[in-house]
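Descriptive structure summary
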Amino acid sequence: MSKTIFVLNGPNLNMLGKREPGIYGGKTLADIEADCKVAGAELGLTIDFRQSNHEGILVDWLHEAADKALGVAFNAGAYTHTSVALHDAIRAISPIPVIEVHISNVHAREEFRHKSMIAPACKGVICGFGPQSYILALQALKTITQ
């Protein structure tokens, strides 16, 4: 199997650095991608980093991960709380591990963010550590796929 990790990002994450910096910080998604690629290299992993505002594209990328990735770090954005389709896509690619990622602590925010539709299908959830949440997910994927 490839040593590639897909890092998938959902809606509005392309607005990081501009969108609610008090919640999400000042890093852009490009900054986070660069950090992930550095961390991936240190872990001996290749990072395939992607973002889409469209649910169906995210489903397609999860399906692609089944054949091309060792694991997936997935920040589904608002789709985390609404998407049965993403839940089903994650289940469909089992045994490829998927780690749900959030920059903010969703449990300390609005009540509607407390429920994740995808968490039951994921291997684990990392939230609340800012952009470092992505790096923690990469470390976890390295550990559980060795």
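Source: prediction; values computed, not measured.

Focus on helix H5 (residues 132–144)
- Taking 1.5 Å per residue, 13 residues should reach 18 Å; H5 reaches 18 Å between its end C-alpha atoms and fits that length.
- Among the residues of H5, those classed as buried are Ser133, Tyr134, Ile135, Ala137, Leu138, Leu141 and Lys142.
- Check the buried side of H5 and you find it contacts strand E1 (4–9), helix H2 (29–43), strand E2 (46–51), strand E3 (71–75), strand E4 (98–102) and strand E5 (124–127).

Details of the UniProt feature "binding site: substrate" (unreviewed entry) in the protein
- With numbering matched to this structure, UniProt assigns "binding site: substrate" (unreviewed entry) to Asn75, His81, Asp88, Ile103, Ser104 and Arg113.
- In this fold, Asp88 is placed in helix H4 (residues 84–92).
- Judged by relative accessible area, which is 44%, Asp88 ranks as partly exposed.
- You can see Ile103 is positioned in the loop between E4 and E5.
- Other than its neighbours up to four places away in sequence, Ile103 contacts Leu16, Tyr24, Ile32, Asn75, Gly128, Phe129, Gly130, Pro131, Ser133 and Tyr134.

Here we look at the environment of Leu62
- Looking at the element boundaries, Leu62 is found in helix H3 (residues 55–68).
- As for Leu62 and Lys18, which are separated by 44 residues in sequence, their C-alpha atoms are 27 Å apart.
- Residue contacts for Leu62: discarding those within four places in its chain leaves Leu8, Val72, Phe74, Leu86, Ala89, Ile90 and Ile93.

Description of H4
- For H4, the full list of buried residues reads Leu86, His87, Ala89 and Ile90. With its buried residues spanning 165° around the axis, H4 presents them on a single face. Along H4, the residues that are exposed and aim more than 90 degrees away from the buried face are Arg91 and Ala92.
- Here H4 starts with a cap whose side-chain oxygen sits 3.4 Å from the backbone nitrogen of Ala85, and that cap is Ser83.

A closer look at the UniProt feature "site: Transition state stabilizer" (unreviewed entry) in the protein
- UniProt records the feature "site: Transition state stabilizer" (unreviewed entry) at Arg19, using the numbering of this structure.
- Looking at the secondary structure, you find Arg19 in the loop between E1 and helix H1 (21–24).
- Ignoring any residue separated from it by four or fewer positions in sequence, one finds Arg19 in contact with Asn12 and Tyr24.

Cut-offs applied
- Residues numbered from 1 in each chain as written.
- Predicted model: local features only at pLDDT ≥ 70, side-chain atom pairs only at ≥ 80, totals over all residues.
- Heavy atoms only, no water.
- Helix = DSSP H or I, 4+ residues; strand = E, 2+ residues; numbered from the N terminus.
- Expected span 1.5 Å × (residues − 1).
- Buried < 20%, exposed > 50% of the residue type's maximum accessible area, 1.4 Å probe, protein only.
- Contact = heavy atoms within 4.5 Å.
- UniProt positions renumbered as here; feature names shortened; annotations may be inferred.
- Arc of directions from axis to C-beta.
- Polar contact = N/O pair within 3.5 Å; in protein donor to acceptor, adjacent residues only side chain to side chain.

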